[in-house]
2 protein chains.
Amino acid sequence: MKFLIEKSLLQEAISDVQKAITGKSTLPILQGIYISAKDGLLTLIGSDIEVSIETKIPANIIEEGEVVLDSKIFGEIIRKLPNDIVEITEINSNEVELKCQKSNVQLVYLNPKEYPTLPSIEEDVVLSVSQKTLKNMIKSTIFAIAQDDTRPILTGVLLQVKENKLNMVALDGFRVALKSESMDCKSNKESVIPGKTLNEVSKILKDTDDVVQITFTKNHILFNFGNTKVISRLLEGDFIKYESIIPKEHNLKVTVNRNEILGCIERASLMAKDGNTNLVKFDISDDTLVVTSNSQLGKAREEVQIILQGEGIKIAFNSKYLIDVFKTMEEENITMEFTSTVSPCVIRNQDSDNSVYLLLPVRVANNN
Amino acid sequence: MKFLIEKSLLQEAISDVQKAITGKSTLPILQGIYISAKDGLLTLIGSDIEVSIETKIPANIIEEGEVVLDSKIFGEIIRKLPNDIVEITEINSNEVELKCQKSNVQLVYLNPKEYPTLPSIEEDVVLSVSQKTLKNMIKSTIFAIAQDDTRPILTGVLLQVKENKLNMVALDGFRVALKSESMDCKSNKESVIPGKTLNEVSKILKDTDDVVQITFTKNHILFNFGNTKVISRLLEGDFIKYESIIPKEHNLKVTVNRNEILGCIERASLMAKDGNTNLVKFDISDDTLVVTSNSQLGKAREEVQIILQGEGIKIAFNSKYLIDVFKTMEEENITMEFTSTVSPCVIRNQDSDNSVYLLLPVRVANNN
């Protein structure tokens, strides 16, 4: 194996495939990056079995071949080389030589025959979405996945194609995050993608209109964007029927500036640390929403102007959940719908229905 | 106590005094910020006994008084308030009220009478130096202090006024870092300042020509810059006579581009991780310095062009120490002076003698 490639291109490819290498695998070969040089293309693969990332870059290939190089040290060497052409050559049966200007590194390689093969996926594209849309949908929902493994299916995000809409849904028993985009797609499909996979996918996605193609099989999902592919196992089991959880009606509706209410809740939450409850209370009446909190350290009272449709209400929440939602949303004004002190609150954008967040209130003995 | 002050001014003052609050003290009162409102000035103090930081800011004081407020929560509340005037009022014998626009926080305060008094220091200024000079001198030396407490005096930096020079010196038994600045000062003085203190002072110092005044007493040092004072205990004991360690003569001298040799050593060090030795070998001859390293993972060979005065030499170093020095220095070209394979190497700026670094080589069995 012998090839020449621009250092910066190689560095970017390494950085992409490293996102799949967790170092947690018990297979030592998975600490490595698989590299194959063939047909004018360099293929790099990083994997922890659950998630695999493959990227292809054109290179000047003088002799075809394949090796596996320790991800950490190979990545660091390339990163620290000067910005110039790097020449990589297999010099004997277990070493490659890296040359760049006056640098010369000989690096032991692992046996590429031991590297696991990627699951084969028939690339009959199911749906196409722009990178920035997918990135935004992931960011808008992933914070609401379950943090513990009690119900493994909830550590994933539901990706659903239904009635010409692409929906992403995360929920953890206390809250629901739903983001939708219209999409011209006839078939209906759904699968649950591990949160970890989406986190890594989201790091590779750019804020551009370039397209990501998504293909499902029974057990795997493939994201194909340009020269890079991400393949992940899916989570097994049925996702909770989220549609039935979201209330269709409400008794009162509050419209409020998102940044203002976020600031109020962030400040009030500083006084809500006792016993990890993060409890903040809302007192909604007329044109004012009053946020209060109490702790041994003191108490806070914050006021924000609102437009209220319906009667007032007193209701309490875990401030962390409110902050997560308001920080994730991007619009200037949002609405909050309430039915009763013990019913979920539904938060939406004022002007569009592509984001729906649901939060369970906290029941408090005395809500005054 | 009652006063009004611009949020941003208060936030900056809090951030300065918080640098002294480590949370490691056993005295609960030291988790707080002491605040006194008097004579049109607000005085804030943070302290962990070893180091105390005091800052004064003008404020609209309506009623004089003093309180101690929990540093973390008070800091967070002020940081999250809108950019406007904050009104702080003592509302009863253990609470203050913070008001800003529609925010209202009541915060329990601690008894200011329990707050330790700062050591009194007669401010007969011993020396004045610009903030950027002092900041640069700290950065140029502090990395070389001892990291463990075996010899406590070496966890500090020697500040020495001698023969119209201000010297700062750090050493840890393997290396010496010395930075000097000319200074018009008749008296000779020296003291050893804890590294931790200088770290915090360095964070407050700005890259400006504004002056810092430094006052020594037997046990304390006072840095006075504008409205802020830092008072620290000094380390007790005699510092090592560093002048006698630095060789006066050498057999060969290498002049080299600093960034080029830094890159070579950084790359070679990646192959020098075995057994934590970080060992890199130099082979100096004619116009070339060759850096090599070996490990189970492979080996590296780097070349850098030099100007050599004297005979060649083969010598080995801990690459970490070389990297520390070359990263800290700022000049384009530097010189390295060698006497023998087992004698210290002296590193200087090519064009000025205000920086001197000394490194012990590593003795290796076979230096080929």
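Note that the structure is a prediction, hence the values are computed from the model and not measured. (Residues numbered from 1 in each chain as written. Chains lettered and ligands numbered in written order. Predicted model: local features only at pLDDT ≥ 70, side-chain atom pairs only at ≥ 80, totals over all residues. Heavy atoms only, no water.)

1. What about the interface of chain A and chain B?
In step 1: On the chain B side, the residues contacting the 26 residues of chain A number 26 residues.
In step 2: When the two sides are added together, the surface that chain A and chain B hide from each other amounts to roughly 2600 Å², 59% of it contributed by carbon and sulfur.
In step 3: Interface area lost by chain A to chain B is led by Lys 102, Arg 267 and Leu 270 of chain A, which between them contribute 24%.
In step 4: There are 14 residue pairs in polar contact (both at pLDDT 80 or more) connecting chain A and chain B.
In step 5: Where the side of chain A that touches chain B is concerned, the elements lending two or more residues are α2 (71-80), β9 (103-108), α5 (258-269) and β21 (298-305) of chain A.
In step 6: Top element by residues in the side of chain A that touches chain B is β21 of chain A. It accounts for seven residues.
In step 7: Partitioning the side of chain A that touches chain B into residue classes produces 11 nonpolar, six polar and nine charged.
In step 8: When β21 of chain A meets strand β9 (residues 103-108) of chain B, the two strands line up antiparallel, connected through five bridges. Counterpart to Glu 302 of chain A in the pairing with β9 of chain B is Ser 103 of chain B. (Contact = heavy atoms within 4.5 Å. Buried area = accessible area lost by both parts, 1.4 Å probe. Polar contact = N/O pair within 3.5 Å; in protein donor to acceptor, adjacent residues only side chain to side chain. Helix = DSSP H or I, 4+ residues; strand = E, 2+ residues; numbered from the N terminus. Nonpolar A, V, L, I, M, F, W, Y, C, P; charged D, E, K, R; others polar. Pairing = 2+ DSSP bridges.)

2. Some points on the pattern of salt bridges
Residues and elements named next belong to chain A.
In step 1: Under the counting rule described, the total for this entry stands at 34 salt bridges over all chains.
In step 2: Between Asp 172 and Arg 175 there is a salt bridge, and its shortest N-O distance comes to 3.1 Å. As far as burial versus exposure is concerned, Asp 172 and Arg 175 are alike and both buried. (Salt bridge = Lys/Arg side-chain N within 4 Å of Asp/Glu carboxyl O. Buried < 20%, exposed > 50% of the residue type's maximum accessible area, 1.4 Å probe, protein only.)

3. With respect to the environment of Phe 74 of chain B
All names here are of chain B.
In step 1: Structurally, Phe 74 can be placed in helix α2 (residues 71-80).
In step 2: Once the C-alpha coordinates of Phe 74 and Lys 113 are considered, the two residues, 39 residues apart in sequence, prove to be 19 Å apart.
In step 3: Look past the residues within four positions of Phe 74 in its chain and what remains in contact with it is Leu 10, Ile 14, Ile 33, Ile 35, Leu 69, Ile 88, Leu 98 and Leu 107.

4. Side note on the sheet that holds strand β20 (residues 288-295) of chain A
In step 1: Spatially, β23(A)-β19(A)-β20(A)-β21(A)-β9(B)-β8(B)-β7(B)-β1(B)-β5(B) is the arrangement adopted by the nine strands of the open sheet, whose pairing is antiparallel. Both outer strands of the open sheet, β23 (313-318) of chain A together with β5 (60-63) of chain B, are each paired with one neighbouring strand and no more. Pairs of neighbouring strands in the sheet enclose a mean axial angle of 20°, with direction left out of account.
In step 2: Here α5 of chain A sits on the sheet and contacts β19 (279-285), β20 and β21 of chain A together with β9 of chain B; the angle it forms with β21 of chain A, its principal contact strand, is near 175°. (Axes fitted to C-alpha atoms, helices over the stretch in contact; angles between N-to-C directions.)

5. Describing empty space enclosed by the protein
All names here are of chain B.
In step 1: Applying the stated criterion to the full structure yields three cavities of 30 Å³ or more.
In step 2: Here the largest cavity defines a volume of roughly 60 Å³.
In step 3: Taken together, Asn 136, Lys 139, Ser 140, Lys 179, Thr 328, Met 329, Glu 330, Glu 331, Asn 349, Ser 355 and Tyr 357 form the lining of the largest cavity.
In step 4: Ranked by the residues each element gives to the lining of the largest cavity, the list is headed by helix α3 (residues 131-141), at three residues. (1 Å grid on protein atoms, 1.4 Å probe; cavity = no way out; pocket = protein on both sides within 12 Å on 5 of 7 lines; lining within 4 Å. Points joined across faces, edges and corners; volume = space filled by probe spheres on them.)

6. A closer look at the relation of the copies chain A and chain B
In step 1: Once turned by 180° and shifted 0.0 Å along the axis, chain A lies on chain B with an RMSD of 0.0 Å. The superposition of one copy onto the other is thereby described by a two-fold rotation axis. Scanning chain A for the C-alpha nearest the rotation axis identifies Lys 203 of chain A, at a separation of 16 Å.
In step 2: Mapped onto chain B, 100% of the interface residues of chain A again fall at the interface, so both copies present the same surface. (Least-squares fit on C-alpha atoms with pLDDT ≥ 70 in both.)

7. Things to note about the side chain of Glu 95 of chain B
In step 1: Within the secondary structure layout, Glu 95 of chain B lies in strand β8 (residues 95-100).
In step 2: Despite its burial, Glu 95 of chain B pairs with no opposite charge, the nearest such side chain being Lys 299 of chain A at 5.8 Å. (Lys, Arg positive; Asp, Glu negative; His and termini not counted.)

8. Some words on the UniProt feature "domain: DNA polymerase III beta sliding clamp N-terminal" (unreviewed entry) in chain A
In step 1: Annotation from UniProt places "domain: DNA polymerase III beta sliding clamp N-terminal" (unreviewed entry) at residues 1-119 of chain A.
In step 2: Helix makes up 18% of residues 1-119 of chain A and strand makes up 48%, while its end C-alpha atoms are separated by 25 Å. (UniProt positions renumbered as here; feature names shortened; annotations may be inferred.)

9. A short note on the environment of Leu 198 of chain B
Residue and element names in this part refer to chain B.
In step 1: Summarising the element assignment, Leu 198 is placed in helix α4 (residues 195-204).
In step 2: When the C-alpha atoms of Leu 198 and Ser 128 are compared, they prove to be 16 Å apart, with 70 residues separating the residues in sequence.
In step 3: What Leu 198 contacts, discounting residues up to four positions off in sequence, is Ile 138, Ile 142, Val 157, Met 168, Ile 193 and Phe 223.

10. Examining the sheet that holds strand β15 (residues 211-216) of chain A
Across a sheet, paired strands are connected by hydrogen bonds in the backbone, their directions being either parallel or antiparallel.
Residue and element names in this part refer to chain A.
In step 1: Strand order in the open sheet made by the eight strands is β6-β2-β3-β4-β17-β16-β15-β10, with antiparallel pairing throughout. With one partner strand each, in any of the chains shown, β6 (65-70) and β10 (127-130) form the two edges of the open sheet. Each adjacent strand pair in this sheet contributes to an overall mean axis angle of 20°, direction not counted.
In step 2: Note: strand β2 (residues 32-38) against strand β3 (residues 41-47), five bridges, orientation antiparallel.

11. Digging into the domain arrangement of chain A
Residue and element names in this part refer to chain A.
In step 1: Splitting chain A by domain gives domain 1 (2-114), domain 2 (127-244) and domain 3 (252-359).
In step 2: In this structure, domain 2 and domain 3 have C-alpha centres spaced 27 Å apart.
In step 3: Taken together, the contacts link 13 residues of domain 2 with 12 residues of domain 3.
In step 4: Put simply, domain 2 and domain 3 have two salt bridges between them.
In step 5: Between Glu 330 and Lys 139 there is a salt bridge; the shortest N-O distance is 2.9 Å.
In step 6: Here domain 2 is connected to domain 3 by nine residue pairs in polar contact (both at pLDDT 80 or more). (Domains from an automatic or database assignment.)

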